[in-house]
2 protein chains.
Amino acid sequence: MADREGCVAMLVVKIGGVEGLGIEPLCADVAHLIRNGQQVVLVHGGSHQTNVISEKLGKPPRFVTSVSGHVSRYTDRETLEMFAMVTAGQINKLLVERLQRLGVNAVGLSGPDGRLLVGQRKSTLKIMENGKRKVLHGEWSGVIERVNVPLLRLLLDQGYTPVVAPLAISHGGEMINVDGDRAAAAVAAALRAEALVLLSNVPGLLRDFPDESTLIHRIGRGEVKAYLPYAQGRMKKKLLGASEALEGGVGRVILGDGRIEAPLSQALAGRGTVLQ
Amino acid sequence: MADREGCVAMLVVKIGGVEGLGIEPLCADVAHLIRNGQQVVLVHGGSHQTNVISEKLGKPPRFVTSVSGHVSRYTDRETLEMFAMVTAGQINKLLVERLQRLGVNAVGLSGPDGRLLVGQRKSTLKIMENGKRKVLHGEWSGVIERVNVPLLRLLLDQGYTPVVAPLAISHGGEMINVDGDRAAAAVAAALRAEALVLLSNVPGLLRDFPDESTLIHRIGRGEVKAYLPYAQGRMKKKLLGASEALEGGVGRVILGDGRIEAPLSQALAGRGTVLQ
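Treat the numbers as computed from the prediction; the structure is a model and nothing was measured.

1. Topic: the environment of Ile144(B)
Residue and element names in this part refer to chain B.
- By secondary structure assignment, the location of Ile144 is in strand E9 (residues 141-147).
- Under the C-beta neighbour-count criterion, Ile144 is labelled buried, with 25 such atoms within 10 Å.
- Taking the C-alpha atoms as reference points, Ile144 and Val118, 26 residues apart in sequence, are found 5.7 Å from one another.
- When neighbours within four sequence positions are excluded, Ile144 is seen to be in contact with Leu117, Gly119, Ala168, Val178, Arg182, Ala183 and Ala186.

Shown next as structure tokens:
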């Protein structure tokens, strides 16, 4: 329930990995909002950092092009385990430490923990390679279908702030890699959050990427699909997540700038692309 | 409260990293005990695996000898972050996944999460190098002083099984590396566990290491210190942890064999070195 201008009782925030985003201002802003009585769930990414570490470990990421032309990383079992190591062990714990230092009682979790995020594993990918259709087996990614709301509420009600790494568990108990933006959207919808803020290293959705003066300020609830053609790269998933969150009952979604001071407060005050 | 022979209501278990220990039989045994109504907290290590990964990442571990002759790893900030990545991200998540597949609703945590384990950071080490005393700064390890029992109870009471990585948080909010055996001892004492089982790749404390026929079967509560001279390497920390747990009110401690079938059930039935 919105209690005053720009302030919501339940807020879900997605931040990227660590590249290009000011973790310090973000964490300080989270601490500020929590001191003012808001409940926050933080979801983070980690693809870039996983690529860096897996490259160093002699297992460079393999990118494939789906039959629909979408480029994604092939997540074999070894890649999945590196993704878990980096997101749940490195990025998650550094965020938890940073928040704890600011007085926020953060608890790091990932989807397999307490079956927080349960999804459907997609074990094969249909790809195009050298102009030919191929089926790639042994994929360990998927899409979230259920969020363990009682676990989140249990922690939030005791004053803890969940920090969630983008992994899920399949119905059969297999760990899978999931998209962080869509994970945040699923969590926001499950909690019926008043707002979902998706931060990135651009000011929001741009009509003419990368010209920041072409920021789209507002998108109506029913118009999201019409704006998909403007979305480049990762922004496509953000728009998809935003659309899923709105359909799931989230009050508003803001595509905000993660590089600025007080990125959350500014997003909540309307800076960025507001979908409502 | 012991409800029947070999069965306890609250059990804390420490397992090493993954080397030489059967994770599958251990997880199956945890699942079996939980189905029989026991509550279990699992604490794990990860030093060996951290050494492997940090070596691969071009940052081999640096071992130092303290002025008292004790060899330990120098944990600088970079090493700490690798330790967090491997223990909380890799080992912890693989254990959670394995347990989930067996129907155990495991939740992976580390000490900084919800200030589960709070300790005192030891930021300098007094070492001997080339026959000279030296002070080494920038150490990120410490000793646990407080366990967040309400957080563990909150999860246990809802049917979750905590799986804990050996990290803690300092009073000032810094993440620190802690010894896994002593972390398990601290958790067992804080929960007033009926039993603490410390598993390793030997059958227990051996009078004449590595001759397994010289297993010491029983050590009285007041005699632990007299047995310290028999403890080699890592076993010293286990005896120290055992002693701390008994002093903290834990019913009994068993130094059990982690390489066998049903390692926990067998330890609870008296196989290994029982300290009581």
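2. Concerning the interface of chain B and chain A
- The partner chain A presents 29 residues to the 29 residues of chain B that form the contact.
- Going through the elements one at a time, helix H3 (77-101) and strand E5 (106-110) of chain B are the ones with two or more residues in the side of chain B that touches chain A.
- The element that contributes the greatest number of residues to the side of chain B that touches chain A is H3(B), accounting for 13 residues.
- Residue composition of the side of chain B that touches chain A, grouped by class: 12 nonpolar, 10 polar and 7 charged.

3. Focus: the sheet that holds strand E2 (residues 39-44) of chain A
- Read from one edge to the other, the open sheet built from 8 strands follows the order E5-E10-E2-E1-E13-E15-E16-E14 (chain A), with strand pairing classed as mixed. With partners counted over all chains shown, the strands left at the sheet margins are strand E5 (106-110) and strand E14 (218-219) of chain A, one partner each.

4. Some words on unusual backbone geometry
All names here are of chain A.
- Omega for the peptide link from Phe209 to Pro210 comes to 0 degrees, which places this bond in the cis form.
- Counting through the fold element by element, Pro210 comes out in the loop between strand E13 (195-200) and E14.
- Although it is not a glycine, Arg192 adopts a positive phi angle of roughly 50 degrees.
- Position of Arg192 relative to the elements: it lies in the loop between helix H5 (180-190) and E13.
- Among the residues examined, Arg192 registers 12 C-beta atoms within 10 Å and is labelled exposed.

5. Digging into the confidence of the model for chain A
Residues and elements named next belong to chain A.
- Summing up the model confidence of chain A, the mean pLDDT is 93 and the portion of residues at 70 or higher is 95%.
- pLDDT under 50 marks residues 1-6. Its contacts with residues more than four places away, or in other chains, come to 8 contacts.
- Both scores are given for the predicted complex: the pTM is 0.95, the ipTM 0.94.

6. Quick notes on the relation of the copies chain B and chain A
- For the match of chain B to chain A, the screw axis carries a shift of 0.0 Å, the RMSD comes to 0.0 Å, and the turn is 180 degrees. The superposition of one copy onto the other is thereby described by a two-fold rotation axis. Closest to the rotation axis within chain B is the C-alpha of Gly89(B), separated from it by 1.7 Å.
- Most of the interface of chain B is mirrored in chain A: 100% of its interface residues are interface residues there too.

7. Description of helix H1 (residues 23-35) of chain B
Residue and element names in this part refer to chain B.
- Under the 1.5 Å per step criterion, the end-to-end length of H1 is 18 Å for 13 residues, consistent within 8% with the ideal 18 Å.
- Buried residues of H1: Leu26, Cys27, Asp29, Val30, Leu33 and Ile34, and no others. In a view along the axis of H1, the buried residues occupy a sector of 160 degrees, so they form one face of it. Residues of H1 that are exposed and angled more than 90 degrees away from the buried face: Glu24 and Arg35.
- Next to the buried residues of H1 lie strand E1 (10-15), strand E2 (39-44), H3, strand E10 (161-165) and helix H8 (263-268).
- Downstream of H1 by one or two residues, Gly37 has phi in the positive range, about 90 degrees.

Quick notes on the rules
Residues numbered from 1 in each chain as written. Chains lettered and ligands numbered in written order. Predicted model: local features only at pLDDT ≥ 70, side-chain atom pairs only at ≥ 80, totals over all residues. Helix = DSSP H or I, 4+ residues; strand = E, 2+ residues; numbered from the N terminus. Buried ≥ 20, exposed ≤ 12 C-beta atoms within 10 Å, placed from the backbone. Contact = placed C-beta atoms within 7 Å. Nonpolar A, V, L, I, M, F, W, Y, C, P; charged D, E, K, R; others polar. Pairing = 2+ DSSP bridges. pLDDT = per-residue confidence, 0-100. Least-squares fit on C-alpha atoms with pLDDT ≥ 70 in both. Expected span 1.5 Å × (residues − 1). Arc of directions from axis to C-beta.

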